[in-house]
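What follows is each chain in one-letter form.
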Amino acid sequence: MDMRKLVGQNFARLRQEKNLTQEEVEARSGFSQQYLSNLERGKRNPTIITLFELAQALGVSHVDLVAPPEESQ
């Protein structure tokens, strides 16, 4: 699987599980809503620092953003 798509799917799922909008994550993380939207669609290639900061904004481990579906449950 394409890592960009995997990260995007995991980010979207975790954000929705936390009942957060992209705008709320924007306020928590400092990343624009447009960036977050592109990330969820697999159009962005985030750095490890970005993954760490996004995980903090969601209150999850950075590993959750890169884990394959069977490992992230």
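Residues numbered from 1 in each chain as written. Predicted model: local features only at pLDDT ≥ 70, side-chain atom pairs only at ≥ 80, totals over all residues. Heavy atoms only, no water.

**As for the pattern of salt bridges**
Stage number 1. Inspection of the entire model under this criterion finds three salt bridges.
Stage number 2. Here Asp-2 makes a salt bridge to Arg-4, at a shortest N to O gap of 3.2 Å.
Stage number 3. For Asp-2, a relative accessible area of 30% translates into the label partly exposed.
Stage number 4. A salt bridge links Glu-17 to Arg-13; its shortest N-O distance comes to 3.2 Å. Here Arg-13 and Glu-17 lie together in helix H1 (residues 3–17), a separation of four residues that amounts to about one turn. (Salt bridge = Lys/Arg side-chain N within 4 Å of Asp/Glu carboxyl O. Buried < 20%, exposed > 50% of the residue type's maximum accessible area, 1.4 Å probe, protein only. Helix = DSSP H or I, 4+ residues; strand = E, 2+ residues; numbered from the N terminus.)

**Considering the packing of aromatic side chains**
Stage number 1. Within this structure, the stated rule accounts for one aromatic pair.
Stage number 2. The interplanar angle of 25 degrees and the centroid separation of 5.4 Å between the aromatic rings of Phe-31 and Tyr-35 together place this pair among those described as stacked.
Stage number 3. Since its relative accessible area comes to 16%, Phe-31 is described here as buried. (Phe/Tyr/Trp six-rings, centres within 6.5 Å; stacked < 30°, edge-to-face > 60°.)

**So, the nonpolar core**
Stage number 1. Counting 16 residues, the largest nonpolar core has Phe-11, Val-25, Leu-36, Leu-54, Leu-58 and Leu-65 as the members making the most contacts within it.
Stage number 2. Elements that contribute at least two residues to this core include exactly H1, helix H3 (33–40) and helix H4 (48–58).
Stage number 3. At five residues, H4 tops the list of elements feeding residues into this core.
Stage number 4. With sequence-adjacent residues up to four places away left out, Phe-11 is seen in contact with Val-25, Leu-36, Leu-39, Glu-40, Leu-54, Leu-58 and Leu-65. (Core = buried A, V, L, I, M, F, W, Y, C linked by side-chain atoms within 4.5 Å. Contact = heavy atoms within 4.5 Å.)

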